[in-house]
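Topology and contacts: notes
Next come the chains, spelled out residue by residue.
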Amino acid sequence: MSDIQPLRPDDGQCVTASHLVRHFGLWQERAARAPVYILHRGRPRYALTTIDVMEALCASREAAPTDDGALATLLDADGAIALILDRAGRIALASNAARARFGAAMRAGAYPGEFALSGGAMLADAIARVTASGIAESIEIVPEAYLSRRLRCELMPFPTGCLLRASDVTTEQALVATQAQLLAASEAGGAAGAISIHLNLRGYIAAPSANLATLTGISAEALATARFTSLLTVGSRVPANEALDAVATDGGARSVAAECLIHGAAPVPVTIGIAAVTLAGRIEGLAATIVRSVA
């Protein structure tokens with residue numbers, strides 16, 4: 001329940017609208033000393049007061065001073081393009097990622113719409129709506145500095161105005177396209193007898209394919225918990241492990257000749273190609289391809 005109590009103004013400070021109009025001079029003088037409450041159907045509905053009182057009331061609604069250092073640390077924490085905007089839609093704080101991407105356009109006091117070639121005016125309008133309504137919105141823009149990129153700007157209400165967090169939609173679209181291309185390449189390789197395998201940096205198989213299960217005679221469920229080199233003969237494991245470690249270290253692709261164990265049958269000679277899976281400049285995993293060697 002709210003702790004706010006209903007107003008109980010003194011009778012001498014209450015007036016009907018019609019009486020106020022007829023005797024405005026009198027009530028104006030009273031309003032200079034204390035607010036005058038204008039009645040509507042017998043209850044206070046509006047107030048007449050001085051500019052000084054109004055400024056004091058508005059000032060009391062402003063957010064408490066914030067620690068800009070702490071806010072800057074939070075903005076930088078996840079490496080995203082993020083801005084804190086004041087109630088006028090100007091930049092108060094910008095994350096390191098935003099400054100690195102857009103430079104001087106992210107200066108304090110600038111308007112974020114200035115860095116957009118397409119959608120800048122719409123962005124400014126959306127920021128104003130979110131600040132006024134407290135309801136989050138999303139809008140896409142094309143940055144003037146990166147004409148081939150498209151940014152999705154998530155706008156969220158913030159105590160001092162608005163929080164803007166931008167993500168590169170172009171990267172997301174490119175990632176989806178790349179994943180589709182890799183899937184197609186994997187299926188094409190499988191049709192030609194090559195088997196694609198995804199490995200984590202510890203060398204364990206991730207999401208083993210049906211083709212690998214067919215080659216080894218081991219179920220996909222068992223392969224999902226297996227280290228890749230455990231599928232090779234003892235003599236093949238040392239060079240295969242060395243190749244995996246080298247790729248995980250420097251990112252350069254390697255190939256190695258080996259023998260693959262076959263459940264219930266003799267090992268078969270194979271050639272293994274290994275490459276690094278790199279995201280944002282970091283090696284996140286490994287990709288391997290097994291091809292049966294031709295006798």
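Residues numbered from 1 in each chain as written. Predicted model: local features only at pLDDT ≥ 70, side-chain atom pairs only at ≥ 80, totals over all residues. Heavy atoms only, no water.

Some points on the sheet that holds strand E13 (residues 265–279)
Reading across the sheet, the five strands line up as E11-E10-E14-E13-E12 and stay open at both edges, with antiparallel pairing between neighbours. In this open sheet, the two strands that pair with only one neighbour each are strand E11 (205–206) and strand E12 (254–262). With eight bridges connecting them, E12 and E13 associate as antiparallel partners. Each bridged residue has a counterpart across the sheet, and for Arg-254 the counterpart in E13 is Ile-274. Those strands touched by helix H10 (residues 234–250) are strand E10 (194–199), E12, E13 and strand E14 (282–292), and its axis lies near 140° from that of E12. (Pairing = 2+ DSSP bridges. Helix = DSSP H or I, 4+ residues; strand = E, 2+ residues; numbered from the N terminus. Contact = heavy atoms within 4.5 Å. Axes fitted to C-alpha atoms, helices over the stretch in contact; angles between N-to-C directions.)

A word on the sheet that holds strand E3 (residues 43–48)
What holds strands together in a sheet is hydrogen bonding between their backbones, with the strands either parallel or antiparallel. Taken together, three strands build an open sheet; the order of strands is E1-E2-E3 and the sheet is mixed. Single-partner strands in this sheet number two, and they are strand E1 (14–16) and E3. Along the sheet, successive strands turn relative to each other by an average axial angle of 40°, direction set aside. As defined by bridge partners, E1 adjoins strand E2 (residues 36–40) across three bridges and the pair is classed as parallel. Across the sheet, residue Cys-14 finds its bridge partner in E2, namely Tyr-37.

A short note on the side chain of Ser-95
Among the structural elements, Ser-95 can be located in the loop between strand E5 (91–94) and helix H5 (96–102). Judged by relative accessible area, which is 0%, Ser-95 ranks as buried. Only 2.8 Å separates the side chain of Ser-95 from the backbone oxygen of Ala-80, close enough to count as a polar contact. Those residues in contact with Ser-95 that sit more than four places away from it in its chain are Leu-75, Asp-76, Ala-80, Ile-81 and Ala-82. (Buried < 20%, exposed > 50% of the residue type's maximum accessible area, 1.4 Å probe, protein only. Polar contact = N/O pair within 3.5 Å; in protein donor to acceptor, adjacent residues only side chain to side chain.)

Considerations on the nonpolar core
Within the largest apolar cluster, 27 residues are counted, with the highest numbers of intra-cluster contacts made by Ile-197, Leu-199, Ile-205, Leu-212, Phe-228, Ile-272 and Ile-290. Only E10, helix H8 (210–216), H10, E12, E13 and E14 provide two or more residues apiece to this core. Beyond its immediate sequence surroundings of up to four residues, Leu-199 is in contact with Tyr-204, Ile-205, Phe-228, Leu-244, Gly-285, Leu-286 and Ala-288. In terms of nonpolar packing, the next biggest core, distinct from the first, is built from 21 residues, Ile-91, Phe-102, Cys-153 and Ala-166 among them. (Core = buried A, V, L, I, M, F, W, Y, C linked by side-chain atoms within 4.5 Å.)

Here we look at the packing of aromatic side chains
Enumeration over the complete set of coordinates arrives at zero aromatic pairs. Seen from the ring of Trp-27, Arg-30 lies directly overhead, with NZ or CZ sitting 4.4 Å from the centre. (Phe/Tyr/Trp six-rings, centres within 6.5 Å; stacked < 30°, edge-to-face > 60°. Lys NZ or Arg CZ within 6 Å of the ring centre and 35° of its normal.)

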